[in-house]
Amino acid sequence: MSSESVILLETVNFAAEKHRYQRRKDAEQTPYINHPIGVARILSHEGGITDIEVLQAALLHDTVEDTDTSIGELQAIFGQTVARIVQEVTDDKALSKQERKRQQVEHAPHASQQAKLVKLADKLYNLRDLNRCTPTAWHFFCTAVLEEICGCAPVERTLSTTQRTSSQLDTTVVSIGANIGQHPCGMLLTPCRV
Ligand SMILES: [Mn+2]
């Protein structure tokens with residue numbers, strides 16, 4: 001086995017250990033590690049990227065943001081370049097979600113080419129995941145309510161999923177409607193974590 005294969009296996013194993021107990025926020029609660037592996041695969045399989053440090057950073061891109069991993073730890077194990085790319089795509093969790101999103105947009109043009117690749121594949125994966133996930137009736141209901149209240153629903157997704165879930169929705173909307181006050185509908189704008 002080539003040394004690069006060994007390095008990639010070490011990296012994917014590190015990410016799997018770190019994300020061991022995490023699940024994606026889709027209805028199926030997909031194991032979290034599917035996401036970073038999928039992001040790295042978009043880069044290699046679809047993007048033709050062979051830069052191993054980019055592929056490693058893709059595998060590790062959520063470890064600092066979502067687990068107890070530190071940048072120093074990544075630097076010690078995987079080197080300065082990989083750690084720097086991960087740092088570039090890591091949000092500051094001390095900030096509000098809205099502020100994090102705003103900073104992502106603001107910082108994106110100034111990121112390194114390597115970080116841009118990882119970020120792009122990350123967003124692409126998440127958008128595809130939104131398409132894959134069939135929202136529950138509850139998701140649909142909250143989205144519709146949000147649209148009424150503040151006009152901020154993801155319109156395209158709502159439209160495309162309405163057709164798929166409308167019959168299911170009809171039978172359940174009455175019962176869930178009674179509980180709407182207790183649910184943080186805002187989170188349902190991103191049911192699969194963007
Ligand atoms: Mn991600």
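Residues numbered from 1 in each chain as written. Predicted model: local features only at pLDDT ≥ 70, side-chain atom pairs only at ≥ 80, totals over all residues. Heavy atoms only, no water.

**Q** Report on the overall build of the protein, specifying residues and quantitative values.
**A** A tally of regular secondary structure across the protein gives 10 helices and zero strands. Shown N-terminal to C-terminal, the secondary structure of the protein runs as helices and strands in the order α-α-α-α-α-α-α-α-α-α. Counting all 194 residues of the protein, 41% fall into the buried class. Excluding contacts between residues fewer than 6 apart, the proportion of contacts in the protein whose partners are at least 24 apart in sequence is 70%. Approximately 11000 Å² of the protein is accessible, and the part contributed by carbon and sulfur atoms is 56%. (Helix = DSSP H or I, 4+ residues; strand = E, 2+ residues; numbered from the N terminus. Buried < 20%, exposed > 50% of the residue type's maximum accessible area, 1.4 Å probe, protein only. Contact = heavy atoms within 4.5 Å. Areas by Shrake-Rupley, 256 points an atom, 1.4 Å probe, with all protein chains shown as cover.)

**Q** I'd love a proper account of a nonpolar patch on the surface, names of residues and values included.
**A** Where nonpolar side chains cluster on the molecular surface, the patch consists of Met 1, Val 6 and Leu 9 and spans about 330 Å² of accessible area. Looking at the element boundaries, Val 6 is found in helix 1 (residues 3-18). Take Val 6: its relative accessible area is 37%, and that puts it in the partly exposed class. (Patch = residues over 30% accessible without salt bridge, like charges linked within 9 Å, V, L, I, M, F, W, Y side chains within 5 Å. Salt bridge = Lys/Arg side-chain N within 4 Å of Asp/Glu carboxyl O.)

**Q** Describe the coordination of the manganese ion, with residues and values.
**A** Octahedral metals with six donors have ideal donor angles of 90 or 180 degrees. Tetrahedral metals with four donors have an ideal donor angle of 109.5 degrees. Every protein donor of the manganese ion is listed here as His 35 (NE2), His 61 (NE2), Asp 62 (OD) and Asp 122 (OD), and their distances to the metal cover 2.2 to 2.4 Å. In the primary sequence, the donor residues of the manganese ion line up as H-x25-H-D-x59-D. Taken together, the positions of His 35 in helix 2 (residues 34-46) and Asp 62 in the loop between helix 3 (52-60) and helix 4 (63-66) put the pair 27 residues apart, joining distant regions of the chain. Accessibility expressed as a relative area gives 0% for His 35, which makes it buried. (Donors = N, O, S within 2.8 Å, 3.2 Å for Na, K, Ca; no water.)

**Q** With reference to specific residues and values, describe the confidence of the model for the protein.
**A** With 68% of its residues at a pLDDT of 70 or more, the protein shows a mean pLDDT of 76. Low pLDDT, under 50, characterises residues 148-194; the predicted model gives this stretch 69 contacts beyond four residues in sequence or across chains. (pLDDT = per-residue confidence, 0-100.)

**Q** Run through the nonpolar core, naming residues and quoting values.
**A** Counting 27 residues, the largest nonpolar core has Leu 43, Ala 58, Leu 60, Leu 74, Phe 78, Val 86 and Val 118 as its most contacted members. Listing elements by their share of this core, those giving two or more residues are helix 1, helix 2, helix 3, helix 5 (71-78), helix 6 (80-88) and helix 8 (113-132). Residue contributions to this core peak at six residues, all from helix 3. Contacts of Leu 43, omitting those with residues within four sequence positions, involve Gly 48, Ile 49, Val 54, Leu 55, Ala 58, Leu 117, Val 118 and Ala 121. (Core = buried A, V, L, I, M, F, W, Y, C linked by side-chain atoms within 4.5 Å.)

**Q** If you had to explain the packing of aromatic side chains to someone new, which residues and values would you point to?
**A** Overall, the coordinates contain one aromatic pair when judged by the stated rule. Judged by centre distance (5.2 Å) and plane angle (85 degrees), the ring pair of Phe 14 and Phe 78 falls under edge-to-face. Taken together, the residues Phe 14 in helix 1 and Phe 78 in helix 5 connect sequence positions 64 residues apart. Residues Phe 14 and Phe 78 agree in their burial class; the two are buried. (Phe/Tyr/Trp six-rings, centres within 6.5 Å; stacked < 30°, edge-to-face > 60°.)

**Q** So what about the packing of helix 3 against helix 6? Which residues, and what values?
**A** Where helix 3 contacts helix 6, the two axes come as close as 9 Å, and the packing angle between them is 50 degrees. Between helix 3 and helix 6, the angle is such that the two are oblique. Between helix 3 and helix 6 lies a crossing of right-handed hand. On helix 6, the residues that touch Glu 53, Val 54, Gln 56, Ala 57 and Leu 60 of helix 3 are Thr 81, Val 82, Ile 85 and Val 86. A breakdown of the residues in the contact of helix 3 with helix 6 according to their chemical character gives six nonpolar, two polar and one charged. (Axes fitted to C-alpha atoms, helices over the stretch in contact; angles between N-to-C directions. Parallel < 35°, antiparallel > 145°, perpendicular 65-115°, else oblique. Left-handed = near helix turned anticlockwise from the far one by under 90°. Nonpolar A, V, L, I, M, F, W, Y, C, P; charged D, E, K, R; others polar.)

**Q** Please set out the side chain of His 35 residue by residue, giving values where relevant.
**A** Side-chain polar atoms of His 35 contact the side chain of His 61, separated by 3.2 Å. Among the polar contacts made by the side chain of His 35, one reaches the side chain of Asp 62 at a distance of 3.3 Å. (Polar contact = N/O pair within 3.5 Å; in protein donor to acceptor, adjacent residues only side chain to side chain.)

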